[in-house]
Amino acid sequence: MTTVMSVPLVDLRAQYDSLRDQIRAAVLDVFEHMHLNLGPNVRAFEQEFAAYCGAAECVGVGSGTDALHVALRALDVGPGDEVVLPAHTFIATAEAVALCGARPVIVDVEPARRSIDPAEVAEAVTPRTRAVIAVHIHGQLADMDALRRACERAGVPLVEDAAQAQGAGRPDRRAGSLGRIACFSFYYSKNLGAYGEAGAITTNDPHLAERVRQIRDHGSSRRYRHDELGMNARLDELQAAVLRVKLPHLERWNERRRELADRYRALLSGTPLELPAELDRAGHVYHHFAPLAPERDRLLAYLQEHGVGAGIHYPVPVHLQPVFADLGYREGSLPVAERVAAETVSLPLYPELTDEQQEYVAERVRAFYREA
Ligand SMILES: *Cc1c(COP(=O)(O)O)cnc(C)c1O
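Residues numbered from 1 in each chain as written. Predicted model: local features only at pLDDT ≥ 70, side-chain atom pairs only at ≥ 80, totals over all residues. Heavy atoms only, no water.

**Let's talk about the overall build of the protein**
For the protein, the helix and strand inventory stands at 12 helices and 11 strands. Seen through its C-alpha atoms, the protein measures out along the principal axes to roughly 70 × 55 × 35 Å. Expressed as a percentage of its 372 residues, the buried residues of the protein come to 57%. In the protein, the share of contacts with a sequence separation of at least 24, taken over all contacts with a separation of at least 6, comes to 71%. (Helix = DSSP H or I, 4+ residues; strand = E, 2+ residues; numbered from the N terminus. Buried < 20%, exposed > 50% of the residue type's maximum accessible area, 1.4 Å probe, protein only. Contact = heavy atoms within 4.5 Å.)

Given below as structure tokens:
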């Protein structure tokens, strides 16, 4: 009999414990200075994160969803426009398009990276296309060279949804600097996570950054003068203070994620799992380690019974979500994304996961297929 060990999908407490004193000091300092609206931590974090991404500009916003919504607004996406995006992503990618009044054009992913298929993009582009969104799903860059070529040919901007990809790519070619504009989430479970809602937009275009700054703050560039319809999508000062403590550790955390992914590959080889393809080890930041699993739902239940907090990212592809039923997609329209949704399982992976915990997870997976 193996003893049951509890291994969560993500352990926020473990990371907090390692930075507790610094985080408390940073947060308490905000309460002392009380400069809460776009204060010193927001400004400093914007500079630090832009430098980290190798982008000229960073604008802090309220969430990853805000980042996508504001970025699309800044690109003048509106009613009558179309935006091409992948079916295998979190709902927010498509939601932001619809919130602008535009139509999400949902296409299939390529089987290797499971990110938007450049060939599908080329086919989906019409004269109404206003943008293409590439999602760096699970922390691996989409096929940016091919996507850039497709977008240049079509004359439309390429937007990065880098919500799962803080630090992905090479130090000189990082997520956040690879398209016209990039959107980040710092939701607490992301590789760089705040303790509440937070996000950011990066771009190399200073005019676009100005537009983004204006839209995130009620369409205003000067106090009480409102030039266009904006929103309240500002990054919170307390969250920025937390993010500034964490950012210097991101590289080390991502390296540990890569190490854990290598270990999963070794520990799970020979099982029926289809392990995620790694086209660029050094550039993958493993927000999730998500193999495809035969009998996925039974495996998931078995793991949960044995204390393993496995998850599914995501069980229903975007084109089959009830909210987008009006768009007219049917089951079978985007087969790769549909197969991924039916078989994907995310195993626990976070920098503080111990070797011993990971060995337990792998052993439970092996045991499931032995018993099956
Ligand atoms: C998390 C996530 C978002 C949304 O970010 P929020 O901060 O939760 O609004 C958008 N796109 C992808 C791919 C995500 O993983």
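The structure having been displayed, the exposition proceeds.
**Topic: the site of the ligand**
Taken together, 15 residues sit near the ligand, with Gly64, Thr65, Asp161, Ser185 and Lys190 positioned nearest. Between Lys190 and the ligand, the recorded distance is 2.8 Å, taken from a side-chain N or O atom to an oxygen atom. Calculation on the ligand without its partners gives an accessible area of 380 Å², and the protein chains cover 93% of this total. For the shell around the ligand, the secondary-structure elements that each account for two or more residues are α3 (64-74) and α4 (92-99). With 3 residues, the top contributor of residues to the shell around the ligand is α3. For the shell around the ligand, the residue count by class is 6 nonpolar, 7 polar and 2 charged. (Near = heavy atom within 4 Å. Polar contact = N/O pair within 3.5 Å; in protein donor to acceptor, adjacent residues only side chain to side chain. Areas by Shrake-Rupley, 256 points an atom, 1.4 Å probe, with all protein chains shown as cover. Nonpolar A, V, L, I, M, F, W, Y, C, P; charged D, E, K, R; others polar.)

**So, the packing of helix α1 (residues 12-33) against helix α8 (residues 237-246)**
Each pair of packed helices can be described by the angle between their axes along with the distance between the axes. Where α1 meets α8, the axes come as close as 9 Å, and the angle between the chain directions of the two elements is 140 degrees. On the basis of the axis angle, α1 is oblique to α8. The crossing of α1 and α8 is right-handed. From α1, Gln15, Leu19, Gln22, Ile23, Ala26, Val27, Val30, Phe31 and His33 reach across to α8, where they touch Glu237, Leu238, Ala241, Val242, Val245 and Lys246. (Axes fitted to C-alpha atoms, helices over the stretch in contact; angles between N-to-C directions. Parallel < 35°, antiparallel > 145°, perpendicular 65-115°, else oblique. Left-handed = near helix turned anticlockwise from the far one by under 90°.)

**Some thoughts on helix α12 (residues 355-371)**
Its 17 residues place the ends of α12 24 Å apart at the C-alpha level, agreeing with the 24 Å of an ideal helix rising 1.5 Å per residue. Every buried residue of α12 is listed here: Gln357, Gln358, Tyr360, Val361, Ala362, Arg364, Val365, Ala367, Phe368 and Tyr369. The inward-facing, buried residues of α12 abut α9 (250-267) and α10 (296-305). (Expected span 1.5 Å × (residues − 1).)

**Observations regarding the sheet that holds strand β2 (residues 82-86)**
Overall, mixed pairing links the 7 strands, which are arranged β1-β9-β8-β5-β4-β2-β3 in an open sheet. Taken across any chain shown, the strands that pair with only one partner, and hence form the sheet edges, are β1 (57-61) and β3 (103-107). On average, adjacent strands in this sheet sit at an angle of 25 degrees to one another, irrespective of strand direction. Relative to strand β5 (residues 158-161), helix α6 (residues 144-154) is tilted by about 145 degrees, and along the sheet it contacts β4 (129-135) and β5. (Pairing = 2+ DSSP bridges.)

**Looking at the environment of Gly193**
Looking at the secondary structure, you find Gly193 in the loop between β8 (181-185) and β9 (199-203). Linking Gly193 and Leu250, residues 57 residues apart in sequence, is a C-alpha distance of 9.9 Å. With residues up to four places along the chain from it excluded, the contact list for Gly193 reads Phe186, Tyr187, Tyr188, Val242, Leu243 and Lys246.

**What about the pattern of salt bridges?**
Should their charged atoms come close, side chains of opposite charge can pair. The final tally for this structure, using the stated rule, is 30 salt bridges. Note that Arg244 is salt-bridged to Glu48, the shortest N-O span being 2.8 Å. You can see Arg244 sitting in helix α8 and its partner Glu48 sitting in helix α2 (residues 40-53), a full 196 residues away along the chain. According to the relative accessible area criterion, Arg244 is partly exposed, its value standing at 29%. (Salt bridge = Lys/Arg side-chain N within 4 Å of Asp/Glu carboxyl O.)

**Considering α6**
Listed as buried for α6 are Met144, Ala146, Leu147, Ala150 and Cys151. For α6, the angular spread of buried residues about the axis comes to 160 degrees, placing them on one side. Opposite its buried face, α6 presents the exposed residues Glu152 and Arg153, each directed more than 90 degrees away. Looking at the buried side of α6, the elements it contacts are α5 (118-124), β4 and β5. (Arc of directions from axis to C-beta.)

**Comments concerning the packing of aromatic side chains**
Taken as a whole and judged by the stated rule, the model has 13 aromatic pairs. Look at Phe49 and Phe184: their rings are 4.8 Å apart centre to centre, the planes differ by 90 degrees, and that puts the pair in the edge-to-face class. Note that Phe49 is positioned in helix α2 and Phe184 in strand β8, a separation of 135 residues in sequence. Grouping residues by exposure puts Phe49 and Phe184 together as buried. With a centroid separation of 5.4 Å and an interplanar angle of 55 degrees, the aromatic rings of Tyr302 and Phe368 are classed as tilted. With Tyr302 in helix α10 and Phe368 in helix α12, this pair connects stretches of sequence that are 66 residues apart. Look at Phe368 and you get buried, because its relative accessible area is 4%. Clustering of aromatic rings is evident, with ring pairs tying together Phe45, Phe49, Tyr52, Phe184 and Phe186. (Phe/Tyr/Trp six-rings, centres within 6.5 Å; stacked < 30°, edge-to-face > 60°.)

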